[in-house]
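Each chain is listed here by its residues.
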Amino acid sequence: MPFNTRAAFKLTLAIAAAICTQSVQAQESNERLWSCNLTPSGEWDCEVNEALMQQQEGTPSASQTAAETDSTTGQDTLQPSDSSTADTAATAATQKEATAETDAESVSISTVSAAPPVTDTELRTGAPAAIQWPEPAAATLRSKPSMAQTQVAATPSTSGDWSCVAVDGEWDCNRQSDTNGPRPGIAIAGSSAAMTGKPEWSCEADGNEWACQQVATQAPSQPAAQGARIATPANQAALDWYAYAPGEAPGACTGRYIEPEFAFLEDNRPFDQQPVYINALRSSTELGGITRLEGGIEIQRGGRLFTSASGEFDQGARVARLIGGVNYREKGLLLLSEQAEANMISGETRFDGAQYVMHEQHMRGNADNITRFGDRRILLNEGAITFCEPGSNAWQIAAESIELNPEAGRGVARHATFDVAGVPILYTPYLSFPIDDRRQSGFLYPSLGYSESNGIDIAIPYYFNLAENFDDTLTPRYIGERGLLLENEFRYMNRWSHSTLSTAWMSDDSRYNDSRWLFGVDHKGTPYDNLYSRIDFTRVSDDDYFEDLGTSLEVQRDDHLDQLFELRYLQPGWNLALRTESYQTIGGSTPYERLPQLLLTGHQNRLAGILDLSYQAEYTRFERDLDSIYAPAGDLAATVGDRVHLRPKLSLSLDRPWGFIRPAVTLWHSSYELENERNGALGGSQSITASIYSLDSGLVLERDFGLAESNYTQTLEPRLFLLHSDADEQPDSLIPRFDSSQLGFTYYNLFHETGWSGNDRVADTTQATIGLSSALYNDLGMEKLRVGVAQAQYFADREHAGRPGDNITGSTAGSSNLATLANWSITPSLKLSHDGEVDRDSYEFLEHNYKLSYLPGDKRLLYVSYRDSIEKDLNEGVKQLDVAFRWPLNKSWTSYGRWQHDLDNSENLETLLGVEYASCCWKMRLTGRSWVVDPNTVAQNQFETDTGIFLQFVFRGLGAFGQGSGREFLEDITGYDEDENGSF
């Protein structure tokens, strides 16, 4: 009967293996019970050695053995994966059994299984679905031929045995002189052209039949070698590495690991109780339970799969010995070797001359031999590991032995060297390193830098993984010109909070001549439902701490270091907050502190069906450190006291696609109990009350037009904002501005209700703000361009508080200057923005602010900012230029830099230039920087600068070594972490 062509890749070990594994008192012999070959007609030709089966008195026949095996509890049961295969072998066995005549008496003897005494352990033939190998994105590989295209070289079984191996979708065959097959443990290699000059067969699958014909061959010039070492795979795809299509690589890597998808068997039973599935192109079984396997071998148990060219399986010991192109797979792991021996009971496997890949970790390596233990540990003897792509050994860790423990996420190397470009640069008798992102105790990678003021700067952090919910990092840091600085970061987390304690201590700074320290606490928690806690506290020993020493700790570095404690209770529609907030000022003037503040805010939508209600109620005690050297002069600045603020608001929103009308009425009230030690007349009770009426309205007019074969929509959006604020005539100019500041003069701030931040000021005004803007949208609805201009017309003087563009204390001008804006998306990557102030009389620009940004998303960055306010304020005006860039020179090299220049004083505020080299597994950054040490001295035209050179190495999977100081500006511009070490 013709054999199903699909099964030509998987010869099912059906009746033959069953009889072999259940033979009673089997003796060692080289003679075979079964021998099966694929004939040119497409059928399996199987022979049974009945003489061996009947050698011992009482040995049952083949059919009896098979029947008893199926019915005996605790014995191995064979379940073929292909029904046609099983039927063919069973038919041949039955026919040969019927023709054999013997007078021996059949005796039923209980057989002893070679498997462990587990009742449901099974040896099964047939594997799950075929592996779906991924195709590379950038290259077209030779596809595996269909069965109709497969070329098979074979001869009829009467002319001798052929050994065929499926290689890359084609058959690789040779003739064996020993009809019993090749010796176990010897790989079969070579093509038909390298064999004897006898005729060969060339076969093609035609439907379910084989069409074969003889072909002549040339005698070989030399005999084919047997038992030769299999070459290490040169093809990167053999290690599951595939190249990106041109232009698709997201980083420096030109390719990535892609693990093929295939059906892992999910089995919750212990490993030694899981069934074993075996498939091969040819097999034969001897007395003693040894099954010879040749060609296309697949052995799978649970989630572990072996493939090889040839091998054997010992049923008694449950050991598989494989040779020739051995592949081992489980989820996340690939092992390639010349030969392997696997214990199917313990799960321990030894690979000789092996390579391995751990896909998720982006790790690979090689070793003289690799042992894969049943608990997933991997031991490499005389091996190396690297995170570089196949074909590159830019760096590696080579060692006498390396143990990788995926369960612990840690690797241990003994007598290890760190090699760069094949040159050992560091030796250690013991090295523990991470192989994933889990926390592990040990040294982190050091940093190294140099600056003119500090000299050499070396830091070596050590990480303590103390428990699952808390850890600690201690960083001894040596600064050549100053001494030893100890920095420590302790992190603690429980079910309701996450807290960090940061400390630093230097007992004696050689240049400062005193001890120096830092203390910081960062806490976020939810002690109860809807109750949130927050602590943000930072304090340093002196004002120059950050300028002189800097820090690697995650703490504030501003001129005013927060010391905030807060509790906040949230409910739908309202929330209540209690906080205290003070500061340590290390630059500028001391701000007011809130000790404490109680704040209630809320909103209620659709009140009475149409109105929206919002409200704010606050009590705050304001204090100020008047003893600080940064305390402002003047009697009014010494005023402290209590404030109560109330602000209910009713509003109505009538929005339509063509426009909107939004009327609102607000009651604004602040009352004070003030104290002033310098001038008692500035103390006492004060209050400000204002009723605010506003009407905000606008239209959206549209027209469609075509330009340069593209369709656009242009809008014309006039806007009218009517505002009346009737504040009482209290002398509110004598009330300090505890938390209030006047808003800057911009297009949108002219439409603000109070014109101030905070709750200390509101302008007494009657005005109409008129604005006109126009936008351009493409056919996808994206805004390409928007320009606008606005001006406020005043119908009353602002006596005590000015609107945006006025003096702080008010103004009598009848109109404001003109505020302009322009936002132009030249391309999706190139954007230009502008805002400015135009004099209402001369129509000349008083202030310019321009920003040009180019961010195409391929690591290129160009940023230019220009600010000029000299004409607006001759005393405090600023005229500065800020240019920053990051530009790839090629796939590996990237340049970056920044230039901040004070045009008014002709001084550089910061100059930085650097270069970065990146490969798939390591980076190098070299940065030179000159910067102003104290930005506050710029106002006094005093520029104290420092210079430094910084070198940083980043090794994929290991971390960073060195310093990348100065590159923080990239994060400021792009808004995300540009120095993420894992980004390659």
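Up top you'll find the structure we're talking about.
Keep in mind that this is a model prediction, so the values were computed, not measured.

Peer 1: Would you mind showing me how to read the overall build of the chain here?
Peer 2: Along its length, the chain carries six helices and 57 strands. Taken across its 984 residues, the chain has 46% of its residues classed as buried. Put simply, of all contacts in the chain between residues at least 6 apart along the chain, 51% involve residues at least 24 apart. Of the roughly 48,200 Å² of accessible surface on the chain, 52% is carried by carbon and sulfur atoms.

Peer 1: Just to check I follow, could you spell out the nonpolar core for this structure?
Peer 2: The nonpolar side chains of soluble globular proteins are, as a tendency, buried together. Counting residues in hydrophobic clusters, the biggest one holds 42 residues, and the most contacted among them are I299, F351, Y356, I370, L380, W395 and L404. Looking at this core, the element that brings in the most residues is strand β21 (residues 395-405), giving five residues.

Peer 1: Would you take a moment to explain the state of the cysteines for this structure?
Peer 2: Among covalent bonds in proteins, the disulfide is the one between the sulfur atoms of two cysteines. Under the criterion given, the structure shown has two disulfides. In this model, C253 is linked to C920 through a disulfide, with the two sulfur atoms separated by 1.9 Å. What sets the handedness of the C253 and C920 disulfide is the S-S torsion sign, and at about 90° it is right-handed. Of this pair, C253 sits in the loop between β10 (241-243) and β11 (255-257) while C920 sits in the loop between β54 (907-918) and β55 (922-932), and the two are 667 residues apart along the sequence. Given a relative accessible area of 8%, C253 falls into the buried group. Disulfide pairing is shown between C388 and C921; the S-S distance is 2.0 Å. Looking down the S-S bond of the C388 and C921 bridge, the torsion is 70°, so its handedness is right-handed. Taken as a pair, C388 in the loop between β20 (378-386) and β21 and C921 in the loop between β54 and β55 lie far apart in primary sequence, 533 residues in all. Neither residue differs from the other here; C388 and C921 are each classed as buried.

Peer 1: Hey, could you run me through the packing of aromatic side chains in this one?
Peer 2: The geometry of two aromatic rings is summed up by the distance between their centres and the angle between their planes. Per the counting criterion, the structure on display carries 27 aromatic pairs. Between Y672 and F738, the aromatic rings sit 6.1 Å apart at their centres with planes inclined by 40°, giving tilted as the arrangement. Separated by 66 residues along the polypeptide, Y672 in strand β40 (residues 659-675) and F738 in the loop between β43 (710-727) and β44 (741-742) bring together distant segments of the chain. Given a relative accessible area of 2%, Y672 falls into the buried group. The aromatic ring of Y512 is capped on one face by R516, whose charged end is 4.0 Å from the ring centroid.

Peer 1: What exactly am I supposed to notice about a nonpolar patch on the surface here?
Peer 2: Together, F443, L448, Y450, I456, I458, I460, F464, L466, L474, Y478, L484 and L486 make up a nonpolar patch on the protein surface, roughly 1,100 Å² of accessible area in all. Where the nonpolar patch is concerned, the elements lending two or more residues are β25 (447-451), β26 (455-459), β27 (462-467), β28 (470-479) and β29 (483-493). Looking at the element boundaries, F443 is found in strand β24 (residues 442-443).

Peer 1: It is not clear to me how the pairing of strand β53 (residues 893-902) should be interpreted in this structure. Could you clarify?
Peer 2: Across a regular strand the side chains alternate sides, sitting on one face of the sheet and then on the other. Judged by how many residues are buried, β53 sits mostly within the fold: seven of 10 residues are covered. As judged from the nine bridges shared by strand β52 (residues 879-888) and β53, these two strands associate in the antiparallel manner. Across the sheet, P888 pairs through a bridge with T894, a residue of β53. In textbook terms, the turn of a hairpin is the stretch between consecutive antiparallel strands, and for β52 and β53 this stretch comprises four residues. As judged from the 10 bridges shared by β53 and β54, these two strands associate in the antiparallel manner. In the strand pairing of β54, S895 is matched with V915. Hairpin connection of β53 to β54: four residues between the antiparallel strands, including S906 at a positive phi of 55°.

Peer 1: Could you clarify how one ought to interpret unusual backbone geometry in this entry?
Peer 2: Residue P596 is bonded to the preceding L595 through a cis peptide linkage, with omega at 0°. Locating P596 in the fold gives a position in strand β35 (residues 593-607). Its identity as a non-glycine residue notwithstanding, N513 has a phi of 60°, on the positive side. Assignment of secondary structure puts N513 in the loop between β30 (497-509) and β31 (514-528). What makes N513 exposed here is its relative accessible area of 61%.

Peer 1: Got a minute to help me understand the pattern of salt bridges in this structure?
Peer 2: Opposite charge on two side chains permits them to pair, given that their charged atoms come into close proximity. Summed over the entire model, instances satisfying the criterion amount to 41 salt bridges. Its salt-bridge partner being E312, residue R292 comes within 2.6 Å of it at the nearest N-O pair. Taken together, the positions of R292 in strand β14 (residues 290-301) and E312 in strand β15 (residues 304-314) put the pair 20 residues apart, joining distant regions of the chain. As far as the burial class goes, R292 and E312 line up, both buried. Among the salt bridges present, the one from E910 reaches R929, with a minimum N-O distance of 2.8 Å. Taken together, the residues E910 in strand β54 and R929 in strand β55 connect sequence positions 19 residues apart.

Peer 1: Explain the pairing of strand β16 (residues 319-330) here, please?
Peer 2: For β16, a buried count of nine out of 12 residues is recorded, marking the element as mostly surrounded by other parts of the structure. As paired elements, β15 and β16 share eight bridges and run antiparallel to each other. In the sheet register, L305 faces β16, and the bridge partner there is R329. Pairing of β16 with strand β17 (residues 333-343), which is carried by 10 bridges, proceeds in the antiparallel orientation. Looking across to β17, one finds that Y328 is bridged to L335. Two successive antiparallel strands, β16 and β17, enclose a turn made up of two residues, where G332 displays a positive phi of approximately 85°.

Peer 1: Explanation requested: a negative patch on the surface in the structure shown.
Peer 2: Where like charges cluster on the molecular surface, the negative patch consists of D544, E547, D558, D559 and E944. Mapped onto the secondary structure, E944 falls in the loop between β55 and β56 (945-955).

Peer 1: Hey, could you run me through the environment of V954 in this one?
Peer 2: Mapped onto the fold, V954 is located in strand β56. Spatially, the C-alpha atoms of V954 and C921 are 8.4 Å apart, while their sequence positions differ by 33 residues.

Conventions and cut-offs
Residues numbered from 1 in each chain as written. Predicted model: local features only at pLDDT ≥ 70, side-chain atom pairs only at ≥ 80, totals over all residues. Heavy atoms only, no water. Helix = DSSP H or I, 4+ residues; strand = E, 2+ residues; numbered from the N terminus. Buried < 20%, exposed > 50% of the residue type's maximum accessible area, 1.4 Å probe, protein only. Contact = heavy atoms within 4.5 Å. Areas by Shrake-Rupley, 256 points an atom, 1.4 Å probe, with all protein chains shown as cover. Core = buried A, V, L, I, M, F, W, Y, C linked by side-chain atoms within 4.5 Å. Disulfide = S-S within 2.5 Å. Phe/Tyr/Trp six-rings, centres within 6.5 Å; stacked < 30°, edge-to-face > 60°. Lys NZ or Arg CZ within 6 Å of the ring centre and 35° of its normal. Patch = residues over 30% accessible without salt bridge, like charges linked within 9 Å, V, L, I, M, F, W, Y side chains within 5 Å. Salt bridge = Lys/Arg side-chain N within 4 Å of Asp/Glu carboxyl O. Pairing = 2+ DSSP bridges. Lys, Arg positive; Asp, Glu negative; His and termini not counted. Charge placed at Lys NZ, Arg CZ, Asp CG, Glu CD.

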